[in-house]
Amino acid sequence: MGDEVLDPTQEAWLGDHCPTWTVPALAMMSMVERLAAGAQARAPGRKVVGLRAVRVHRWLSFARGVQYVKTLGRPVAADTVAMQLLVWEETQQRYVLVASGDVILTEHWQLADRPWTPPADAEPEANPYAAGVLFHGPAYQLLTDLRTGSSGASYWLDLDASGVPAGVLNQGLLDAATHGIPHDALWRWSSEIPSDVAAYPVAIPAAHFYGPTPVTGGVRCEARFAGFQGDDRRFPMICVQMIAGDEVWAEFTLVETLFPKGPLGQAEPAKRRAFLAGRQFVPGMALSSQDAGTTVLDLADLTASDWLAGTVAAIYAPEAAGQARDVAELAQIVAVKEHVARQWQIHPSWLRGERRGARGEGALAMAVTSPMLPLNRGQVISRRAGDT
């Protein structure tokens, strides 16, 4: 159906990139890799020396399994191919745009700038993978040393630790080059960014590559906060330089977009990982609130935590993974499970609900059990706000 089949069950590295700890999604740098590879295939013998106006148009999630992708390209100048990455959309029965950008190819490498020096105020940081700050699984865990300052960071990557196929631009290396950026704490680099948002990459206005792609050894990265795109506070920018040996291999500018962390995302990193990835009960971690024994869930809190579609369903209803549900139905499941989870002190994913019929005045009865607590039985009455 497509030029390439992406299946996390067959390629484990795809499953190691879960931005919300739950649903795998194709990394932006893997999209960039496919744009670059597609362009080079259309210009054999040439080297990829740059990117321009790269933009991600939508998430490419594996919430429902396999994805089929292909690339389209057309020359727009003697050294430039305009590329598009498309994914097959089953509901629309057509390919839709995922990412696009211009790839610059020449016969010779360009001269690089001098390497940047680490920030003068940089201090050592804990391993962000072990601390639960970063969601990346083993295939992506290349960062070995991180030092962060008030407006930038310096960090080392071990390419031999990568479990991601290298390709033309070494997609695992490019992704790890962003791991020293405090994506969920950019307020550390700018007082104009609030603490209740997390940043995810959405565009690369420009990138330059100055030599063959590194595939082994160590690479030093320098990242610097670079203001906001178009002076829009929703789109912070970071400049990244990558040094292999004593020479600059690549430089790029990254534009990120800010998403609300939601009630779950604002938790302390280790607790967040335990709840989202480990399916452990963590007191206080919930989308709903309680008042006098009644659980109340605001739809806005649910949608704020589901910006990567399928995240909330993966957390609260993994037994029905892949099934389409409207927001109201999902909200009812979440509210019921969180109500019982608080009482039983169990992660809501381990609960199962069975409808037992209406109870009048718009109320619905649901029986709740858990394979982890086989002797427990519960019944919850739920009602949507506004029902009479």
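Relevant structure appears above.
Remember, predicted model here, so these are calculated numbers, not experimental data.

## A word on the sheet that holds strand β5 (residues 94-106)
Taken in spatial order, the 12 strands make up an open sheet running β1-β3-β4-β5-β2-β9-β12-β11-β10-β8-β7-β6, and their pairing is antiparallel. Of all strands in the sheet, those with a lone pairing partner are β1 (4-6) and β6 (123-124), marking the two edges. By the bridge criterion, five bridges tie strand β7 (residues 143-148) to strand β8 (residues 152-158) in an arrangement that is antiparallel. Opposite T148, over in β8, you have A153 as the bridge partner.

## Notes on the packing of aromatic side chains
Counting across every chain of the model gives nine aromatic pairs. Seen in terms of ring centroids, W59 and Y200 are 5.9 Å apart; in terms of plane orientation they differ by 70°. Their pairing is edge-to-face. Of this pair, W59 sits in the loop between β2 (47-56) and β3 (67-77) while Y200 sits in strand β9 (residues 197-209), and the two are 141 residues apart along the sequence. According to the relative accessible area criterion, W59 is partly exposed, its value standing at 26%. Taking the centre distance of 4.6 Å and the plane angle of 25° together, the rings of F259 and W307 count as stacked. Of the two residues, F259 is situated in strand β12 (residues 247-260) and W307 in the loop between α5 (299-304) and α6 (311-316); the sequence distance between them amounts to 48 residues. The exposure class assigned to W307 is buried, which follows from its relative accessible area of 18%. Three or more aromatic residues joined by ring pairs make a cluster, and in this case those are W59, Y200, F259 and W307. Across from the ring centre of Y95, 4.2 Å away, lies the NZ or CZ of K70, which sits over that ring.

## Quick word on the pattern of salt bridges
Following the criterion strictly, the structure yields 13 salt bridges and no others. A salt bridge links D184 to R272; its shortest N-O distance comes to 3.3 Å. With D184 in the loop between α2 (171-176) and β9 and R272 in helix α4 (residues 269-276), this pair connects stretches of sequence that are 88 residues apart. Looking at D184, the relative accessible area reads 18%, which means it is buried. The shortest N-O distance in the salt bridge between E222 and R224 comes to 3.0 Å. Both residues of the pair, E222 and R224, belong to the buried class. One network of salt bridges, in which partners are shared, links E192, D231 and R233.

## Looking at the environment of K271
Considering the arrangement of structural elements, one finds K271 in helix α4. For the pair formed by K271 and V282, sequence separation is 11 residues and the distance between their alpha carbons is 6.8 Å. Not counting chain neighbours up to four residues away, the residues in contact with K271 comprise V282 and M285.

So, how was this worked out
- Residues numbered from 1 in each chain as written.
- Predicted model: local features only at pLDDT ≥ 70, side-chain atom pairs only at ≥ 80, totals over all residues.
- Heavy atoms only, no water.
- Pairing = 2+ DSSP bridges.
- Helix = DSSP H or I, 4+ residues; strand = E, 2+ residues; numbered from the N terminus.
- Phe/Tyr/Trp six-rings, centres within 6.5 Å; stacked < 30°, edge-to-face > 60°.
- Buried < 20%, exposed > 50% of the residue type's maximum accessible area, 1.4 Å probe, protein only.
- Lys NZ or Arg CZ within 6 Å of the ring centre and 35° of its normal.
- Salt bridge = Lys/Arg side-chain N within 4 Å of Asp/Glu carboxyl O.
- Contact = heavy atoms within 4.5 Å.

Shape is all these values report; function is a separate question.
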